[in-house]
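Residue-level structure breakdown
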Amino acid sequence: MIQIENLWKRLGGLEVFKGVSFEVQKGEFLALIGMSGTGKSVLLKHIAGLMKPDRGRILVDGTDVTRASFRELEDIRSRFGFVFQNGALFDSMTVFDNVAFPLREKTRMTESKIADRVRHDLEQVGLGGAEEKYPSQLSGGMIKRAALARALVRDPEIVFFDEPTTGLDPIIAKSILRLFDSFHNRLKLTGVLVSHDIPDIFGIVQKVAMLHDGELVALEEAKNIQSCSHPVVDQFIHGRIDGPIRYR
Ligand SMILES: Nc1ncnc2c1ncn2[C@@H]1O[C@H](COP(=O)(O)OP(=O)(O)O)[C@@H](O)[C@H]1O
Ligand SMILES: [Mg+2]
């Protein structure tokens, strides 16, 4: 379970978080939505312990990642699967080696067990046969799927996906979301999904949180979010041009 308590963070003269609090229960998937630049990626980096807040705590199963020692952070991160927004693949490694990397670095599995697992996971994400390709030879969708395979190869309990479908065509985007849904259902993952795939994501998460102007303006059951009456939420999820959100 992830508990975010009264998070404050100032970056580049801007209050990115002004007292953000919410929880993600074990086995629950939460979609984090909001305009570009509202701090969604920064929030995930805080949960991963890569950035420290000015104030507040983030507890992962009771351990405060904002104050954890290096060892404690390593332990917690070993249970995480991450797909960063721009953190694609290691360019100098094949798809196979990219996905095998966490197993080679962090486990004592034999090469033959690693090969079995990597081939299996690449099949799962529809990349069977692309093992020996390099990232520069892949399409955007293939890179995202390989990154997904790499994030899931160690059977993480907690996953974070930062815009896993942004920039992909709608069919590939849907297939990635479906894949994600099947992993979640099968493995009962706990996680946070940052995505603009509205309304598709509402069918695969349980909760939706919206960040706006440093605050959490919504934290709703996914089935209720589309009737949320908060004007900012209503405007954003329905893509209305008129409303309280102003673009300059
Ligand atoms: N390392 C950093 N240093 C300074 N400002 C940053 C840094 N990372 C992000 N920001 C700023 O924090 C805000 C939130 O960024 P981000 O989390 O990337 O937004 P989102 O993912 O919601 O589009 C933006 O104004 C961005 O410019
Ligand atoms: Mg982002």
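This write-up is about the structure you can find in this document. (Residues numbered from 1 in each chain as written. Chains lettered and ligands numbered in written order. Predicted model: local features only at pLDDT ≥ 70, side-chain atom pairs only at ≥ 80, totals over all residues.)

Let's talk about the environment of Val-99
Inspection of the secondary structure assignment puts Val-99 in helix α3 (residues 95–106). When the C-alpha atoms of Val-99 and Asn-224 are compared, they prove to be 37 Å apart, with 125 residues separating the residues in sequence. Discounting chain neighbours no more than four positions away, the residues touching Val-99 are Val-118, Asp-121, Leu-122, Ala-146, Ala-149, Arg-150 and Val-153. (Helix = DSSP H or I, 4+ residues; strand = E, 2+ residues; numbered from the N terminus. Contact = placed C-beta atoms within 7 Å.)

Quick look at the site of ligand 1
Contacts to ligand 1 come from Leu-11, Gly-12, Leu-14, Val-16, Gly-34, Ser-36, Gly-37, Thr-38, Gly-39, Lys-40, Ser-41 and Val-42. Secondary-structure elements contributing two or more residues to the shell around ligand 1 are β2 (14–24) and α1 (40–47). Ranked by the residues each element gives to the shell around ligand 1, the list is headed by α1, at three residues. Taken together, the residues that form the shell around ligand 1 break down as four nonpolar, seven polar and one charged. (Near = placed C-beta within 6 Å. Nonpolar A, V, L, I, M, F, W, Y, C, P; charged D, E, K, R; others polar.)

A short note on the pairing of strand β8 (residues 190–194)
A large share of β8 lies buried, amounting to five of its five residues. On β8, burial covers both faces: Thr-190, Val-192 and Val-194 on one face and Gly-191 and Leu-193 on the other are all buried. Here five bridges tie strand β7 (residues 158–162) to β8, and the two strands are oriented parallel to one another. In the sheet register, Phe-160 faces β8, and the bridge partner there is Val-192. (Buried ≥ 20, exposed ≤ 12 C-beta atoms within 10 Å, placed from the backbone. Pairing = 2+ DSSP bridges.)

Description of the sheet that holds β7
Ordered in space as β6-β7-β8-β3-β9-β10, the six strands form an open sheet in which the pairing is mixed. Whereas interior strands pair on both sides, the edge strands pair on one side only; in this sheet they are β6 (80–83) and β10 (215–221). Averaged over all pairs of adjacent strands, the angle between their axes in this sheet comes to 15°, without regard to strand direction. Sheet topology note: the strand β3 (residues 29–33)/strand β9 (residues 207–212) ladder contains four bridges and is parallel. Bridged to Ala-31 within β9 is Val-208. Of the strands in this sheet, β6 and β7 touch helix α5 (residues 140–152), which is tilted by about 165° from β6. (Axes fitted to C-alpha atoms, helices over the stretch in contact; angles between N-to-C directions.)

A look at the sheet that holds strand β4 (residues 55–60)
Pairing within the open sheet is antiparallel, and its four strands lie in the order β2-β1-β4-β5. Where the open sheet ends on each side, the last strands, each with one partner, are β2 and β5 (63–64). Direction of pairing for strand β1 (residues 2–11) relative to β4: antiparallel, over a ladder of five bridges. Bridge pairing in β4 places Glu-5 opposite Arg-57. The sheet strands contacting α1 are β1, β2 and β4, and the helix crosses β1 at an angle near 120°.

Re the packing of α5 against helix α6 (residues 170–187)
With their axes 10 Å apart at the nearest point, α5 and α6 run at an angle of 10° to one another. As far as their axial angle goes, α6 and α5 are roughly parallel. Contact residues: α5 offers Gly-141, Lys-144, Arg-145, Leu-148 and Leu-152, while α6 offers Ile-172, Ile-176, Leu-179 and Phe-183. Counted by class, the contact of α5 with α6 contains six nonpolar, one polar and two charged residues. (Parallel < 35°, antiparallel > 145°, perpendicular 65-115°, else oblique.)

A short note on α1
Of all the positions in α1, only Lys-40, Leu-43, Leu-44, His-46 and Ile-47 are classed as buried. Down the axis of α1, the sector holding all buried residues measures 155°, keeping them to one side. Buried positions along α1 lie against β1, β3, β4, β7, β8 and β9. Positive backbone phi, at 80°, marks Gly-49, one or two positions downstream of α1. (Arc of directions from axis to C-beta.)

Details of unusual backbone geometry
Across residues other than glycine, the phi torsion is negative in most instances, and most of the peptide bonds are trans. Backbone torsion omega between Ile-198 and Pro-199 reads 5°, so that peptide bond is classified as cis. Relative to the elements of secondary structure, Pro-199 occurs in the loop between β8 and β9. The backbone of Asp-61 shows a phi angle near 45°, a positive value even though the residue is not glycine. Looking at the secondary structure, you find Asp-61 in the loop between β4 and β5. By C-beta crowding, Asp-61 is classed as partly exposed, having 13 other C-beta atoms within 10 Å. At Asp-213, a residue that is not glycine, the phi angle is positive and equals roughly 55°. Structurally, the position occupied by Asp-213 is in the loop between β9 and β10. A count of 15 C-beta atoms within 10 Å places Asp-213 in the partly exposed class.

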